[in-house]
Amino acid sequence: MWWMKCIGSLLILGGCGFLGWEKGSALRRRIWLLREMNQSLTVFKNLTGTYRLPLNMVFMRISAQMKMPVSDFYRRLSERFEQQEKPEGTLLWQQTVEEMGNLFDAEDRELFSRLGHFIGIQDIQIQASAVEACREEIRERISMLEAERPGRERLYRVLSLTVGGFLVILFI
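Below is a short write-up of the structure. As the structure is a computational prediction, the values presented were derived from the model and not from experiment.

### Remarks on the packing of helix 3 (residues 70-83) against helix 4 (residues 89-99)
Each pair of packed helices can be summarised by the angle the axes make with each other and by the distance between the axes. Their axes nearest at 10 Å, the elements helix 3 and helix 4 cross at an angle of 135 degrees. Looking at the two axes, helix 3 sits oblique to helix 4. The handedness of the crossing between helix 3 and helix 4 is right-handed. Counted together, Phe73, Tyr74, Arg76, Leu77, Arg80 and Phe81 of helix 3 and Gly89, Leu92, Trp93, Gln95, Thr96, Val97 and Glu99 of helix 4 form the full contact between these two elements.

### Digging into the nonpolar core
For soluble globular proteins, the rule of thumb is that nonpolar side chains tend to be buried together. Ranked by internal contacts, the top residues of the largest apolar core, which has 35 residues, are Phe59, Phe73, Tyr74, Trp93 and Phe112. Listing elements by their share of this core, those giving two or more residues are helix 1 (2-49), helix 2 (55-65), helix 3, helix 4, helix 5 (106-115) and helix 6 (124-171). If one sorts the elements of this core by residue count, helix 1 sits on top with 9 residues. Not counting residues up to four positions away in its chain, the partners in contact with Phe112 are Leu34, Met37, Trp93, Val97, Phe104, Cys134 and Ile138.

### Considerations on helix 2
Taken as a whole, helix 2 has its buried residues at Leu55, Val58, Phe59, Ile62 and Ser63. Looking straight down helix 2, one finds its buried side chains confined to an arc of 130 degrees; they lie on one side. Those residues of helix 2 that are exposed and aimed more than 90 degrees away from the buried face are Ala64 and Gln65.

### What to know about the packing of aromatic side chains
Per the stated rule, a full pass over the model turns up 9 aromatic pairs. Considering the side-chain rings of Phe59 and Trp93, the 6.2 Å spacing of their centres and the 40 degrees angle between planes classify their relative orientation as tilted. A residue pair is termed long-range when its members are at least 10 positions apart, and Phe59 in helix 2 and Trp93 in helix 4 qualify at 34 residues. The burial state of Phe59 is the same as that of Trp93; both residues are buried. Where Phe73 meets Trp93, the ring centres are 5.2 Å apart and the plane angle is 90 degrees; that geometry is what we call edge-to-face. With Phe73 in helix 3 and Trp93 in helix 4, this residue pair connects regions lying 20 residues apart in the sequence.

### A short note on the layout of surface pockets
Taken as a whole, the largest pocket holds about 250 Å³ of empty space. The biggest single contributor to the lining of the largest pocket is helix 1, with 6 residues. The residue inventory of the lining of the largest pocket, partitioned by class, reads 6 nonpolar, 1 polar and 6 charged. What the second largest pocket holds in volume is close to 170 Å³. Lining the second largest pocket we find Thr48, Arg52, Leu53, Pro54, Leu55, Gly120, Ile121, Gln122, Ile124 and Gln127. Here the lining of the second largest pocket is built from residues that sort into 5 nonpolar, 4 polar and 1 charged.

### Things to note about the pattern of salt bridges
Overall, the coordinates contain 19 salt bridges when judged by the stated rule. Residues Arg75 and Asp72 are paired through a salt bridge, measuring 2.8 Å at the closest nitrogen-oxygen approach. In this pair, Arg75 and Asp72 are both assigned in helix 3, 3 residues apart and thus about one turn of the helix distant. By relative accessible area, Asp72 is classed as partly exposed at 23%. Among the salt bridges present, the one from Arg135 reaches Glu132, with a minimum N-O distance of 2.9 Å. One end of the pair is Arg135 and the other is Glu132, both in helix 6 and 3 residues apart, which spans about a single turn. Of the residues examined, Arg135 reaches a relative accessible area of 14% and is grouped as buried. Owing to a relative accessible area of 24%, Glu132 belongs among the partly exposed residues under this scheme. Through salt bridges with shared partners, a single network forms among Arg30, Asp105, Glu107, Asp108, Glu110, Arg114, Glu137 and Arg141.

Rules and cut-offs
- Residues numbered from 1 in each chain as written.
- Predicted model: local features only at pLDDT ≥ 70, side-chain atom pairs only at ≥ 80, totals over all residues.
- Heavy atoms only, no water.
- Axes fitted to C-alpha atoms, helices over the stretch in contact; angles between N-to-C directions.
- Helix = DSSP H or I, 4+ residues; strand = E, 2+ residues; numbered from the N terminus.
- Parallel < 35°, antiparallel > 145°, perpendicular 65-115°, else oblique.
- Left-handed = near helix turned anticlockwise from the far one by under 90°.
- Contact = heavy atoms within 4.5 Å.
- Core = buried A, V, L, I, M, F, W, Y, C linked by side-chain atoms within 4.5 Å.
- Buried < 20%, exposed > 50% of the residue type's maximum accessible area, 1.4 Å probe, protein only.
- Arc of directions from axis to C-beta.
- Phe/Tyr/Trp six-rings, centres within 6.5 Å; stacked < 30°, edge-to-face > 60°.
- 1 Å grid on protein atoms, 1.4 Å probe; cavity = no way out; pocket = protein on both sides within 12 Å on 5 of 7 lines; lining within 4 Å.
- Points joined across faces, edges and corners; volume = space filled by probe spheres on them.
- Nonpolar A, V, L, I, M, F, W, Y, C, P; charged D, E, K, R; others polar.
- Salt bridge = Lys/Arg side-chain N within 4 Å of Asp/Glu carboxyl O.

This is how it looks when you write it as structure tokens:
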């Protein structure tokens, strides 16, 4: 029976260690997603400001250029614009952000939802400045998360293995 305890202990430690690794991976994924959204907003600003394309075409072009899941976000926006007779950019943007809520972290979802107030408005300059302000905030978040990332990943690993060790001691 001692070998069952050893195998169980290894499984508990491995499972808890995996949870810590997964949490660190989610942090890296969030940083990557913020970079993709920042890049997509650059393309959005160029297409709406320079070329003055309609929003459904802008969203379709962005979805073709970005990687998943950001491309899915813009593809869904484009489909919603095509379905509406008189599409309202603000409402459709915010609905899509809420619908794809599992894609974004809560803080990021709130940031992108705020940006929705300026999507599709008539004054291109105000829309461009709102997009630029959002891009700046994204860059600040990325730099903050990158600075915190090594410490957080180490913390996640140590905590998960500590909890695993505690559970092993508790069950033995």
